[in-house]
Amino acid sequence: QVQLVESGGGLVQAGGSLKLSCAASGRAFSFYAMAWFRQAPGKEREFVAAITWSGSTYYADSVKGRFTGSGDSAKNTFYLQMNSLKPEDTAVYFCCTEISPGASVKDIASWGSWGQGTQVTVSS
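Residues numbered from 1 in each chain as written. Predicted model: local features only at pLDDT ≥ 70, side-chain atom pairs only at ≥ 80, totals over all residues. Heavy atoms only, no water.

A.B. asks: I tried to follow the environment of Ala-24 on my own but got confused; where do I start?
C.D. replies: Along the polypeptide, Ala-24 turns up in strand E3 (residues 18–26). The exposure class assigned to Ala-24 is buried, which follows from its relative accessible area of 9%. Considered as a pair, Ala-24 and Ala-91 are 67 residues apart in the sequence and their alpha carbons are 21 Å apart. (Helix = DSSP H or I, 4+ residues; strand = E, 2+ residues; numbered from the N terminus. Buried < 20%, exposed > 50% of the residue type's maximum accessible area, 1.4 Å probe, protein only.)

What follows is the structure in structure tokens.
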């Protein structure tokens, strides 16, 4: 089983930045891609960003140009650099991995392993 642990969340003012980390561990771990989703109170979980080890990146329109995903294969860790944060970015952010080749990275059902989430709060 793969374990994912997110960190880096917190409280920040609008316009500020945060960097989230997602460390993967567990059984012989190799994966094709990792993604970030977020869930605001009363809303459904939504796609934020995804990155593959080959270097392909995918972003939701709402974060494009502000958020950047990256990965460190030696550490089995993915990162999400979030700049120019807005109050509407407030949510619990989840990382996930284990996706079947060819599945849609933006589809929650495509991902097999999830972390517990980290809270990001952006004040106005």
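A.B. asks: Before we go on, may I ask you to explain the sheet that holds E3 in this structure?
C.D. replies: Across a sheet, strands are paired by hydrogen bonds formed along the backbone, either parallel or antiparallel in direction. With respect to topology, four strands assemble into an open sheet ordered E1-E3-E8-E7, the strand pairing being antiparallel. Strands at the two margins of the open sheet, each flanked by one partner only, are strand E1 (2–7) and strand E7 (67–72). Averaged over all adjacent pairs, the angle separating strand axes in this sheet is 15°, with direction ignored. Taken together, the six bridges between E3 and strand E8 (residues 77–82) define a ladder with antiparallel strand orientation. Across the sheet, the residue bridging to Lys-19 is Gln-81, located in E8. (Pairing = 2+ DSSP bridges. Axes fitted to C-alpha atoms, helices over the stretch in contact; angles between N-to-C directions.)

A.B. asks: How do you make sense of the nonpolar core when you look at a structure like this?
C.D. replies: Soluble, globular proteins show a tendency: their nonpolar side chains are buried together. If you look at the biggest cluster of nonpolar residues, it comprises 35 residues, and the most contacted ones within it are Trp-36, Val-48, Phe-67, Leu-80, Met-82, Tyr-93 and Trp-111. For this core, the secondary-structure elements that each account for two or more residues are E1, E3, strand E4 (33–39), strand E5 (46–52), E8, strand E9 (91–99) and strand E11 (118–123). When sequence neighbours within four positions are dropped, the list of residues in contact with Tyr-93 reads Glu-6, Leu-20, Trp-36, Phe-37, Arg-38, Val-48, Phe-67, Leu-80, Met-82, Gly-117, Thr-118 and Val-120. (Core = buried A, V, L, I, M, F, W, Y, C linked by side-chain atoms within 4.5 Å. Contact = heavy atoms within 4.5 Å.)

A.B. asks: How do you make sense of the state of the cysteines when you look at a structure like this?
C.D. replies: One way to say it: the disulfide is the covalent bond shared by the sulfur atoms of two cysteines. One pass over the full model with this rule turns up one disulfide. A disulfide bridge connects Cys-22 with Cys-95, and the sulfur atoms are separated by 2.0 Å. Classification of the bridge connecting Cys-22 and Cys-95 rests on its S-S torsion, roughly 60°, and on that basis the disulfide is right-handed. With Cys-22 in strand E3 and Cys-95 in strand E9, this residue pair connects regions lying 73 residues apart in the sequence. Cys-96 carries a free sulfur, and the closest cysteine sulfur to it, the one in Cys-95, is 7.0 Å from it. (Disulfide = S-S within 2.5 Å.)

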